[in-house]
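Coordinate inspection notes
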Amino acid sequence: MAPVLKQTEFAVDVCDVSAEEEEDVTSVLRDRSHIDETLRLAMEEKAGDYAAALERLRKIYHTSIKPMEQAYKYNELRQHEISDGEITSKPMVLFLGPWSVGKSSMINYLLGLHDSPYQLYTGAEPTTSEFTVIMHGEKIRSVEGIVMAADSSRSFSPLEKFGQNFLEKLIGIEMPHKLLERVTFVDTPGIIENRKQQERGYPFNDVCQWFIDRADLIFVVFDPTKLDVGLELEMLFRQLKGRESQIRIILNKADNLATQDLMRVYGALFWSLAPLINVTEPPRVYVSSFWPYEYAPDTSRELFKREEISLLEDLNQVIENRMENKIAFIRQHGIRVRIHGLLVDRYVQTFKEKMSFFSDPELVFQEIVDDPDKFYIFKSILAKTNVSKFDLPNRDAYRDFFGINPITNFKPLSAQCSYIGGCLLDKIEKAITTELPALLSSINSGKQPGLSSCEATGCGEKPKNRYRKN
């Protein structure tokens, strides 16, 4: 009973704190006004224009890009199917890093959840064991991962492929917040170097890759006392390859060190990350303490404040450019689908040219798949189209692709035309070269993106078939 009595006495003492002492306690909290100002949370957005642009983008994708995806089974090659939920989703900000570096505390700070019943749990030990998605909702509630994956209106339905064990480690939190109206945060379990993947019960790296592929901004957070780079962290940075422009490295809890020690830690972090990030320019490292309490005395508080505002400006830039980024993403996806269609078409044509009455179809096509350079499969695409050699996919991937999908299942592009719908290649090229750039221009100029009345039928024009011999 003694501990209970002491706890009761402590509670009474807290209640007897004077108003002056209470003001001193609250004064240690940092001013948050710069967050609202930098992120422009008080500004009202033109929701109508944004919704119209999204609808136009969705229509272009469904009418011009998705038909070729389905005709040539592109999703079985890339395993990245774009849903309506992903097209209409808000920008995603992903938090990665070792355990207990302040990822959850940073989200609490940005959303002002400190000392509220809804703040993410934090602590010195590894506290976050789930992938937590913080998103906007009319009321505060939690959403189970199984429910999130089953809801087709969200962009998380593809996560079902990682199994039920993972869905139990996925949780969503909805709350009404001005910032969450414009962005979605994803908090991830911290990297623990001495833990094997099979101990998690699901493919942790594959799940991280799924979120990395869809993130608009990636915060990789470090603690000055946890700069060891092990195998798990090396694997993470290999997964981030090609996404360097989205990465922001954060040296958190910087006010825990004196200025001289902080400089040493900053250099050590660069030295540790240099082999992992293979870019010509060094990565931008933001040095601050992202939590609601005042900076420790005798530290570079002005520097920390400027660094924090600079990071918030980066976040605001992603939010402001979310429509442009989404259009660019769909256009890039369309270019990959077009290249895939051209390659499959070339495989089909080569197979038909090499087949004779006495040929064994399996042996003929196996020879083509094993050595595509012998038949100029990829070189012919570069010679006859405006495809960059740097955009060509890995040729070994097509050996597995055609192992699952026999070549006889595909028609050549010359046969993928209809009088009403037009040709698949013409439609996807029009989307890449004309429709998506025009939509981007209308966004930048502030014009209302309109829907063309001729996009479906071509205003009665007969579709041209560039592959048909005269």
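What comes next is a walk through the structure. It should be emphasised that the depicted structure is a prediction, and the values quoted were computed from it without experimental measurement. (Residues numbered from 1 in each chain as written. Predicted model: local features only at pLDDT ≥ 70, side-chain atom pairs only at ≥ 80, totals over all residues. Heavy atoms only, no water.)

1. What to know about the overall build of the protein chain
Applicable threshold: A run of H or I in DSSP counts as a helix once it spans at least four residues, and a run of E counts as a strand once it spans at least two, with each numbered from the N terminus. Here the term buried applies to any residue with accessible area under 20% of the maximum for its type, exposed to any over 50%, and partly exposed to those in between, with areas from a 1.4 Å probe on protein chains only. We call two residues in contact when some of their heavy atoms are within 4.5 Å. Using a 1.4 Å probe, accessible areas were evaluated by the Shrake-Rupley method; residue-level cover was limited to the displayed protein chains.
The helix and strand tally for the protein chain stands at 18 helices and 10 strands. Counting across all 470 residues of the protein chain, residues that qualify as buried make up 44%. Expressed as a percentage of contacts within the protein chain between residues at least 6 apart in sequence, the contacts between residues at least 24 apart total 80%. About 25300 Å² of surface is accessible on the protein chain, with carbon and sulfur atoms providing 52% of the total.

2. A short note on the packing of helix 14 (residues 322-354) against helix 16 (residues 377-384)
This is how it is decided: Axis angles are defined between N-to-C directions and span 0 to 180 degrees, where every axis is a line fitted to C-alpha atoms and, for a helix, only to the segment in contact. Roughly parallel refers to an angle under 35 degrees, roughly antiparallel to one over 145, roughly perpendicular to one between 65 and 115, and oblique to any angle outside these ranges. When the near helix sits turned anticlockwise from the far one by under a right angle, the crossing is termed left-handed; a clockwise turn instead gives a right-handed crossing. Three classes are used: nonpolar for Ala, Val, Leu, Ile, Met, Phe, Trp, Tyr, Cys and Pro, charged for Asp, Glu, Lys and Arg, and polar for all others, with Gly counted as polar.
At a closest axis distance of 10 Å, the pairing of helix 14 and helix 16 adopts a crossing angle of 120°. The orientation of helix 14 relative to helix 16 falls into the category oblique. Read as a crossing pair, helix 14 and helix 16 show a hand that is right-handed. Contacts from Leu342, Leu343, Arg346, Tyr347 and Thr350 in helix 14 reach Ile377, Phe378, Ser380 and Ile381 in helix 16. For the contact of helix 14 with helix 16, the class distribution of residues is 6 nonpolar, 2 polar and 1 charged.

3. Digging into the sheet that holds strand 4 (residues 170-175)
As a reminder of what qualifies: Two strands qualify as a pair provided that DSSP identifies no fewer than 2 bridges between them.
Spatially, the 8 strands line up as an open sheet ordered 3-4-2-5-1-6-7-8, and their pairing is mixed. For this open sheet the edge positions go to strand 3 (141-144) and strand 8 (285-287), each flanked by a neighbour on one side alone. Neighbour-to-neighbour, the strand axes of the sheet open up by a mean angle of 25°, direction not taken into account. Note that strand 3 and strand 4 share 4 bridges and pair antiparallel. Of the residues in strand 4, the one forming a bridge with Arg141 is Glu174. Each of strand 1 (92-96), strand 2 (131-136), strand 4, strand 5 (184-187) and strand 6 (217-222) is contacted by helix 10 (residues 204-214), which is oriented at about 145° to strand 1, the strand it contacts most.

4. Re the packing of aromatic side chains
How we decide: Stacked, edge-to-face and tilted labels apply to pairs of Phe, Tyr and Trp rings (six-membered ring for Trp) whose centres lie within 6.5 Å, assigned for plane angles under 30 degrees, over 60, and everything in between, in that order. Counted as over-ring charges are cases with an Arg CZ or a Lys NZ within 6 Å of the ring centre that also lie within 35 degrees of the ring normal.
Counted under the stated rule, the structure contains 26 aromatic pairs. Taking 4.9 Å as the distance between ring centres and 75° as the angle between the ring planes, the aromatic pair formed by Trp291 and Tyr293 counts as edge-to-face. Take Tyr293: its relative accessible area is 28%, and that puts it in the partly exposed class. Plain terms: the ring middles of Phe401 and Phe410 are 5.8 Å apart, the flat faces sit at 25° to each other, and that makes the pair stacked. Residue classification places Phe401 among the buried residues on the basis of a relative accessible area of 3%. Taken together, the ring pairs in this structure connect Tyr72, Tyr347, Phe351, Phe365, Phe378, Tyr398, Phe401, Phe402 and Phe410 into an aromatic cluster. Directly above the aromatic system of Tyr50 lies the positively charged group of Arg322, at a separation of 4.5 Å from the ring centroid. When the ring centre of Phe378 is taken as origin, the NZ or CZ atom of Arg395, which lies over that ring, is 4.5 Å away.

5. A word on helix 10
The buried count for helix 10 comes to 8 of 11 residues, which makes it a mostly enclosed element. All of the buried residues in helix 10 are Phe204, Asn205, Val207, Cys208, Trp210, Phe211, Ile212 and Arg214.

6. Topic: the side chain of Arg243
What counts is decided by this rule: Positive residues here are Lys and Arg, negative ones are Asp and Glu, while His and the chain termini are left out of the count. Here, a salt bridge means any Lys or Arg side-chain nitrogen found within 4 Å of an Asp or Glu carboxyl oxygen. Counted as a polar contact is a pair of N or O atoms within 3.5 Å, where, for protein atoms, one must be capable of donating a hydrogen and the other of accepting one, and residues adjacent in sequence contribute only when both atoms are in side chains.
Within the secondary structure, Arg243 is located in the loop between helix 11 (231-239) and strand 7 (247-251). Here Arg243 sits buried without a salt bridge, and the closest side chain of opposite charge, Asp213, lies 4.4 Å off (N-O distance). Within the structure, the side chain of Arg243 is placed 3.4 Å from the backbone oxygen of Asp213, a separation counted as a polar contact. For Arg243, the side chain forms a polar contact with the main-chain oxygen of Ala215, separated by 2.6 Å. Setting aside its immediate chain neighbours within four residues, Arg243 contacts Ile212, Asp213, Arg214 and Ala215.

7. Quick look at unusual backbone geometry
The phi angle at Lys73 is positive, at roughly 50°, despite the residue not being glycine. By secondary structure assignment, the location of Lys73 is in the loop between helix 4 (47-71) and helix 5 (75-78). On the accessibility criterion, Lys73 (31% relative accessible area) is partly exposed.

8. Things to note about the state of the cysteines
Spelled out, the test is: Criterion for a disulfide: a pair of cysteine sulfur atoms at a distance within 2.5 Å.
Counted under the stated rule, the structure contains 1 disulfide. Covalent S-S linkage joins Cys417 and Cys423, the inter-sulfur distance amounting to 2.0 Å. In this structure, the disulfide formed by Cys417 and Cys423 twists by about 115° around the S-S bond and is classed as right-handed. Judged by its relative accessible area of 27%, Cys417 falls in the partly exposed class.

9. Topic: helix 17 (residues 396-404)
Note the threshold: The directions from the helix axis to the C-beta atoms form the arc being described.
Within helix 17, the full set of buried residues consists of Tyr398, Phe401 and Phe402. Across the axial projection of helix 17, the buried residues extend over an arc of 90°, all falling on one side. Across helix 17 from its buried face, at more than 90 degrees, point the exposed residues Asp400, Gly403 and Ile404. The inward-facing, buried residues of helix 17 abut helix 5, helix 14, helix 15 (361-370) and helix 16.

10. Describing the pairing of strand 7
We apply this condition: Whether a crossover is right-handed comes down to one check: with the strands pointing away from the viewer, does the path from the first strand over the helix to the second run clockwise; if it does, it is right-handed.
Burial of strand 7 is extensive: 5 of the 5 residues sit out of reach of the surface. Burial along strand 7 is two-sided: the residues Ile247, Ile249 and Leu251 and Arg248 and Ile250 are all buried. As paired strands, strand 6 and strand 7 are joined by 5 bridges and run parallel to one another. Bridge pairing links Val221 to Ile250 in strand 7. Considered for its hand, the β-α-β crossover made up of strand 6, helix 11 and strand 7 is right-handed. Two elements, strand 7 and strand 8, share 3 bridges in a ladder whose sense is parallel. Bridge pairing links Leu251 to Val287 in strand 8.

11. Quick look at the pattern of salt bridges
What the rule picks out here adds up to 17 salt bridges. Here Glu86 and Arg214 are joined by a salt bridge, their closest N and O atoms 3.9 Å apart. A residue pair is termed long-range when its members are at least 10 positions apart, and Glu86 in helix 6 (residues 84-88) and Arg214 in helix 10 qualify at 128 residues. The exposure classification of Glu86 matches that of Arg214, with both residues buried. Between Glu181 and Lys178 there is a salt bridge; the shortest N-O distance is 3.9 Å.

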